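One letter stands for each residue in the lines below.
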Amino acid sequence: MKNKNIFIGLVVLVMGLSSCGEDFLDLSDPNAVAAETFLSSETEVEAAVNGIYAAIRSNNALGENSGLYTDERSDDRGRNDNQSNAGEPFQFNDFSLLPSNTYLKSHWSALYTIVARANYVINEIADVPYNDESVRSSHLAQASFLRALAYYHLVRKWGPVPLVTQQVQTPGELEELTFREEEATIYQLIISDLQIAINSSLPDHQPLSGKGKVSKVAAQALLGEVYLTMGSNGIGDQDATTYFNLSKENLTEAYNKRTFDDLSEISYTSVFDVEQKSTNPEIIFQIVYRQGDQNYSSSIARSNQALGETTNSQRPATGEGTRVNLDLVNEYEENDPRGDFSVKFAEAPTVQQYFITKYRDVSDAAGVNGFGGNDHIMMRYADVILLLAEVNFRLGIESEAIAMLNQVRERAGLPLYEEAMQDDEYASQFPTLQLAILHERRVELAFEQKRWYDLLRAFSPAELVSYFGNKEQSEYGIANLNNISEKDRYFPIPFDEYQLDPERMYQNPGYN
């Protein structure tokens, strides 16, 4: 069985890592350790937990360059190279994704690597002696959160997926678990895992020494988004209003634990300043990268940069950088500073397109190699605030929705929503409060791997097809907008996984 190592091999290849601040990036023992003898002390559990963090860093999983699986599926960015090695990545933005796509399979496998490593900790930790039970609680909470995060990505991308919560030791055990569990059951595990994190000894916010690790606020914010997704997409056995109320409750808990008063106290650009990444109070959860380190530095600034440009990195670019769709560029309002900061037009004759400038590190510490210090921000308070705007809209509490929306617009120096709606252009482009919130999330959180999921919450599969169908092909590159159909709500099950059991690992509609 080709994917046996997803559940077996990788679960015993837990990396030994140290535990202080960014030091947990360092490998201290990259060799495999036998699973049955590994977890015998809290030090070893700490190493195993850090192995889960190592797994989420992979660009095949949730790392900074994993936008192929989210942003390039949306209307924000894409690529114009559909030949040779680029042909498979191009399929995501072109809505021509095949079950045999090797990038698709790598993403599936990388997410289940996170699950496998988390399962190992969760199932072994009760038998490990601890001097301080609060440390055990923290380790369990981190592993549970990271498992929930992986499954949240899996279920939104593929729908029903295999639900694995135990270590798999034999081919027979693997075969027994190789079937697609319904979405509601997956979500129940996600909720349970996040509640473990919320009720744990985790701090509300991680101190400087713990940046890059899970906090209680991160768990509350994610649980709020999970409930919002369930209510928006009709998942679970409760009515939508119940889920929206649960969403608001958890998002409000996260919001009330912020360490600042108003969002306007924190400049937009400071959120992405590599010098402030560990101290900026807006950031809730991030994947840490180490400036200047060949192995653990960030590459996002240099990889986004286009030929002839110097905004992002000292490292000279040789290609087109990361192409931004004109559809997004044209959605920035006049005088929105977020647009000027986030995108730029590359003048080189061989480029002549917009590229991403949101992530920058031109410091001497990053140098001409572009070993940047950018962290991959997975949660921040502007996201929470706009999720609160969205859930209040869903609950019909428009005054609270507008108040939250206006916090973000005020920070950007834009007219508040009530005034903006007096402008004919704004009102015609975003005629409803829902579309105004969706717009604000798009321009505020561009390239932070949120947009595709925002669209899936906002629209049914048929509405999503209509939404893309109304766009201008000329603003979307060579990817063909006419390719999109209702099947594209989900990814296809990777071919190798489907082949394991075509009946119980049935293919998503439209991909057979």
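Further up the page is the structure itself.
K.L.:
Got a minute to help me understand the pattern of salt bridges in this structure?
P.N.:
When their charged atoms lie close together, side chains carrying opposite charge are able to pair. Considering all chains together, one arrives at 39 salt bridges under this definition. E72 is the partner of R77 in a salt bridge, and the nearest nitrogen-oxygen pair spans 2.9 Å. There is no split in this pair, since R77 and E72 are both buried. A salt bridge links R441 to D454; the shortest N-O distance between them is 2.9 Å.

K.L.:
What exactly am I supposed to notice about empty space enclosed by the protein here?
P.N.:
Any empty space left between the atoms is revealed when a probe the size of a water molecule rolls over them. Counted according to the given criterion, the structure contains 6 cavities of 30 Å³ or more. Computed from the structure, the largest cavity encloses a volume of approximately 210 Å³. Lining the largest cavity are 19 residues, and of these H153, R156, M378, Q449 and K450 sit closest to its centre. At the level of secondary structure, the elements contributing two or more residues to the lining of the largest cavity comprise α7 (133-158), α10 (216-233), β8 (376-380) and α20 (451-458).

K.L.:
What am I meant to see in the layout of surface pockets here?
P.N.:
Its volume calculated, the largest pocket comes out at about 510 Å³. Lining the largest pocket are 30 residues, and of these E72, R77, R79, G321 and T322 lie nearest its centre. Counting residues per element, the ones that place at least two in the lining of the largest pocket are β3 (77-78), α12 (300-304) and β7 (353-356). Per-element tally for the lining of the largest pocket: the top contributor is α12, with 3 residues. Its residues placed into classes, the lining of the largest pocket shows 9 nonpolar, 13 polar and 8 charged.

K.L.:
Just to check I follow, could you spell out the packing of helix α9 (residues 183-198) against α10 for this structure?
P.N.:
To describe two helices that pack against each other, one gives the angle between their axes and the distance between the axes. Where α9 meets α10, the axes come as close as 9 Å, and the angle between the chain directions of the two elements is 155°. As the angle between them shows, α9 and α10 are arranged roughly antiparallel. Crossing of α9 against α10: the hand is left-handed. Contact residues: α9 offers Y187, Q188, I190, I191, L194, Q195, A197 and I198, while α10 offers K216, A219, Q220, L222, L223, V226, Y227, T229 and M230. For the contact of α9 with α10, the class distribution of residues is 12 nonpolar, 4 polar and 1 charged.

K.L.:
Could you clarify how one ought to interpret a negative patch on the surface in this entry?
P.N.:
On the surface, a cluster of negative charge is contributed by D261, D262, E265 and E410. Position of D262 relative to the elements: it lies in the loop between α11 (240-256) and β4 (283-287).

K.L.:
Quick question: what am I supposed to make of the pairing of β4 here?
P.N.:
The side chains of a regular strand alternate between the sheet's two faces. Of all the 5 residues making up β4, 5 are buried; the element is thus mostly covered by neighbouring parts of the structure. Inspection of the sheet shows β4 paired to β8 by 4 bridges, in the antiparallel sense. What sits directly across from I287, in β8, is H376.

K.L.:
Looking at this structure, how should I read the nonpolar core?
P.N.:
Soluble, globular proteins show a tendency: their nonpolar side chains are buried together. The biggest cluster of nonpolar side chains holds 122 residues, and the ones touching the most others in it are I114, F145, Y151, W158, I190, V226 and F285. If you tally residues by element for this core, the top one is α7, at 12 residues. Apart from residues lying up to four places away in sequence, W158 is in contact with L104, H107, W108, L111, R180, Y490, F491, P492, I493, P494 and N508. Counting 16 residues, the second-largest nonpolar core is a separate cluster that includes F468, Y476, A479 and L481.

K.L.:
Even after reading the chapter, I still don't get the packing of helix α4 (residues 42-57) against helix α6 (residues 102-124), so can you show me in this structure?
P.N.:
Contact geometry of α4 with α6 gives a least axis separation of 9 Å together with a crossing angle of 165°. The angle between α4 and α6 places the two elements in the roughly antiparallel class. Crossing hand, α4 versus α6: left-handed. In this structure, α4 uses V45, A48, V49, G51, I52, A54, A55 and I56 to contact α6, whose residues at the interface are T113, I114, R117, A118 and V121.

K.L.:
I keep staring at the environment of V155 and nothing clicks. Help me out?
P.N.:
Positionally, V155 belongs in helix α7. Judged by its relative accessible area of 0%, V155 falls in the buried class. Distance from V155 to I402, taken between C-alpha atoms, is 30 Å for residues 247 residues apart in sequence. The contacts of V155, once residues within four sequence positions are left out, are E183, I186, Y187, I190 and Y490.

What counts as what
Residues numbered from 1 in each chain as written. Predicted model: local features only at pLDDT ≥ 70, side-chain atom pairs only at ≥ 80, totals over all residues. Heavy atoms only, no water. Salt bridge = Lys/Arg side-chain N within 4 Å of Asp/Glu carboxyl O. Buried < 20%, exposed > 50% of the residue type's maximum accessible area, 1.4 Å probe, protein only. 1 Å grid on protein atoms, 1.4 Å probe; cavity = no way out; pocket = protein on both sides within 12 Å on 5 of 7 lines; lining within 4 Å. Points joined across faces, edges and corners; volume = space filled by probe spheres on them. Helix = DSSP H or I, 4+ residues; strand = E, 2+ residues; numbered from the N terminus. Nonpolar A, V, L, I, M, F, W, Y, C, P; charged D, E, K, R; others polar. Axes fitted to C-alpha atoms, helices over the stretch in contact; angles between N-to-C directions. Parallel < 35°, antiparallel > 145°, perpendicular 65-115°, else oblique. Left-handed = near helix turned anticlockwise from the far one by under 90°. Contact = heavy atoms within 4.5 Å. Patch = residues over 30% accessible without salt bridge, like charges linked within 9 Å, V, L, I, M, F, W, Y side chains within 5 Å. Areas by Shrake-Rupley, 256 points an atom, 1.4 Å probe, with all protein chains shown as cover. Lys, Arg positive; Asp, Glu negative; His and termini not counted. Charge placed at Lys NZ, Arg CZ, Asp CG, Glu CD. Pairing = 2+ DSSP bridges. Core = buried A, V, L, I, M, F, W, Y, C linked by side-chain atoms within 4.5 Å.

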